[in-house]
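# Commentary on secondary and tertiary structure
Given next are the chains, with one letter for each unit.
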Amino acid sequence: MALRWKNDLTPSDVTPEAVFLNRRQILAGMTAMGAGLGTAAHAQELEPNSFEDITNYCNYYEFGTGKEDPARYAGSLTTEPWTVQIDGLVEKPGDYGLNDILSQMTIEERIYRFRCVEAWSMVVPWNGFELADLLDMVGVKPEATHVAFETVMRPEEMPGLRYPVLDWPYVEGLRLDEARHPLTLMATGLYGKPLPNQNGAPLRLVVPWKYGFKSIKSIVRITLTDSEPPTSWNKANPREYGFYSNVNPEVDHPRWSQATERPLGGGLFSRRKPTLMFNGYEEVASLYEGMDLRANF
Ligand code: MTE
């Protein structure tokens with residue numbers, strides 16, 4: 001099946017793999033440098049997100065909240081075999097083996113080059129399949145309006161589950177039209193390799209016009225519902241994190257501006273650039289027509 005959308009990014013846009021793998025160190029380096037130089041310009045550039053803000057964000061809390069915890073501990077997660085329970089308002093509910101799903105998904109080494117943005121930005125080449133294809137496979141009932149996702153919960157393999165930093169299991173949700181949008185990806189790999197455990201192996205969500213925390217990792221359950229499902233960050237801090245989580249430079253996070261981003265891979269002095277509405281994926285704008293995106297952040 002051909003891609004249903006036009007990939008405007010080329011291989012030369014892709015963030016080098018080494019930069020992706022070492023982004024935390026690179027960001028730490030930039031922050032340390034900013035602090036060391038102490039100039040007003042640098043302080044200003046680095047202010048919106050401290051390194052702590054950034055790394056506490058981009059994480060896999062089931063393995064701990066420390067910046068290196070996921071890379072250190074996620075190796076213990078058994079990702080094979082993997083079963084996804086698909087239930088709720090679907091024609092064919094059941095426990096689906098990931099390999100069985102993949103065998104029906106006609107993944108012909110598709111590469112999705114997506115921009116992603118947090119306080120920094122990167123272009124990551126993901127492998128995977130469109131969530132819409134999976135939804136078609138199980139058949140969505142007409143009453144369904146939303147899709148809920150749940151991460152695996154294995155206390156014996158996930159040391160972070162001992163701490164009530166979030167209400168476990170990690171959950172996320174999309175409106176059905178968002179879930180069906182061809183840009184919404186179930187990722188199984190990046191840079192042409194299987195997903196590293198710390199990035200959500202063996203199956204994670206990628207919604208390139210939404211902030212990174214929407215990308216729920218190691219998914220074991222997908223439920224079709226007729227109401228808006230709860231999401232982990234919204235439950236943890238509703239004032240700061242809404243259901244939609246669209247990249248929106250006009251809506252500041254209560255504690256920092258979201259107007260600019262620093263592209264990684266362009267050297268330590270790469271300049272911040274304006275963040276685009278929907279992370280530049282204008283084709284999704286029609287999904288939100290008529291909605292107040294300040295109220296629905
Ligand atoms: N999924 C689970 N299950 N647990 C988490 O803690 N963290 C989220 C998201 N998905 C998280 C998760 C956050 S805060 C971010 S920013 C992204 O994963 C980071 O994904 P990456 O490390 O692959 O960039």
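Refer to the structure above for everything that follows.
Residues numbered from 1 in each chain as written. Predicted model: local features only at pLDDT ≥ 70, side-chain atom pairs only at ≥ 80, totals over all residues. Heavy atoms only, no water.

### Some words on the overall build of the protein chain
The helix and strand tally for the protein chain stands at nine helices and 12 strands. Split into buried and exposed, the 297 residues of the protein chain put 54% on the buried side. Sequence-distant contacts in the protein chain: of pairs separated by 6 or more residues, those separated by 24 or more amount to 71%. (Helix = DSSP H or I, 4+ residues; strand = E, 2+ residues; numbered from the N terminus. Buried < 20%, exposed > 50% of the residue type's maximum accessible area, 1.4 Å probe, protein only. Contact = heavy atoms within 4.5 Å.)

### What to know about the packing of aromatic side chains
Tallied over the full model, the rule gives eight aromatic pairs. Here F20 and Y191 contribute two aromatic rings whose centre-to-centre distance is 5.6 Å and whose plane-to-plane angle is 50 degrees, an arrangement assigned as tilted. Here Y191 lies in the loop between strand 7 (185-190) and strand 8 (193-194) and F20 lies in helix 1 (residues 17-21), a separation of 171 residues in the sequence. For the pair F213 and Y241, a centre-to-centre distance of 5.1 Å together with 75 degrees between the ring planes defines the contact as edge-to-face. Here F213, found in the loop between strand 9 (204-206) and strand 10 (219-225), pairs with Y241, found in the loop between helix 9 (232-236) and strand 11 (260-263); they are 28 residues apart in sequence, far enough to count as distant. Three or more aromatic residues joined by ring pairs form one cluster here, namely Y61, F213, W233 and Y241. (Phe/Tyr/Trp six-rings, centres within 6.5 Å; stacked < 30°, edge-to-face > 60°.)

### Observations regarding the environment of F129
Here F129 lies in strand 4 (residues 120-130). In this structure F129 comes out as buried when scored by relative accessible area, which is 0%. Expressed as a C-alpha distance, the spacing of F129 and L183, which sit 54 residues apart in the sequence, is 9.8 Å.

### A short note on helix 7 (residues 131-138)
Judged by how many residues are buried, helix 7 sits mostly within the fold: seven of eight residues are covered. Taken as a whole, helix 7 has its buried residues at L131, A132, D133, L134, L135, M137 and V138.

### Some points on unusual backbone geometry
Omega for the peptide link from E80 to P81 comes to 0 degrees, which places this bond in the cis form. Summarising the element assignment, P81 is placed in the loop between helix 5 (69-73) and strand 1 (83-88). Residue P169 is bonded to the preceding W168 through a cis peptide linkage, with omega at -5 degrees. For P169, the location among the structural elements is in the loop between strand 5 (146-151) and strand 6 (171-175). The backbone of Y191 sits at a positive phi, close to 50 degrees, despite the residue not being glycine. The buried category is assigned to Y191, whose relative accessible area is 15%. Although it is not a glycine, S218 sits at a positive phi angle of roughly 40 degrees.

### Concerning the pattern of salt bridges
A complete count under the given rule lists 11 salt bridges for this structure. A salt bridge links R255 to E240; the shortest N-O distance between them is 2.8 Å. Taken together, the residues span a long stretch of sequence, with R255 in the loop between helix 9 and strand 11 and E240 in the loop between helix 9 and strand 11 at a distance of 15 residues. According to the relative accessible area criterion, E240 is buried, its value standing at 11%. Taken together, the shared-partner salt bridges in this structure form one network comprising D87, E150 and R221. (Salt bridge = Lys/Arg side-chain N within 4 Å of Asp/Glu carboxyl O.)

### Remarks on the side chain of D69
Within the secondary structure, D69 is located in helix 5. Apart from residues lying up to four places away in sequence, D69 is in contact with F63, G64 and A74.

### Side note on the sheet that holds strand 6
Ordered in space as 2-1-10-5-6, the five strands form an open sheet in which the pairing is mixed. The outermost strands of the open sheet, each flanked by one partner alone, are strand 2 (94-97) and strand 6. With direction set aside, neighbouring strand axes in the sheet form an average angle of 20 degrees. Bridging between strand 1 and strand 2 involves four bridges; their strand directions are antiparallel. Bridge pairing links Q85 to D95 in strand 2. (Pairing = 2+ DSSP bridges. Axes fitted to C-alpha atoms, helices over the stretch in contact; angles between N-to-C directions.)

### Some words on the nonpolar core
I222 and L224 are the most contacted members of the largest nonpolar core, which has 76 residues in total. The element that contributes the greatest number of residues to this core is strand 4, accounting for six residues. Apart from the residues lying within four places of it in its own chain, the contact partners of L224 are D87, G88, L89, V90, L135, V140, A144, H146, V147 and L176. (Core = buried A, V, L, I, M, F, W, Y, C linked by side-chain atoms within 4.5 Å.)

### Things to note about the pairing of strand 5
With five of its six residues buried, strand 5 lies for the most part within the structure. In the sheet, strand 5 pairs with strand 6 via five bridges, with the strands oriented antiparallel. Across the sheet, the residue bridging to F149 is E172, located in strand 6. Summarising the sheet, strand 5 and strand 10 pair through six bridges and their orientation is antiparallel.

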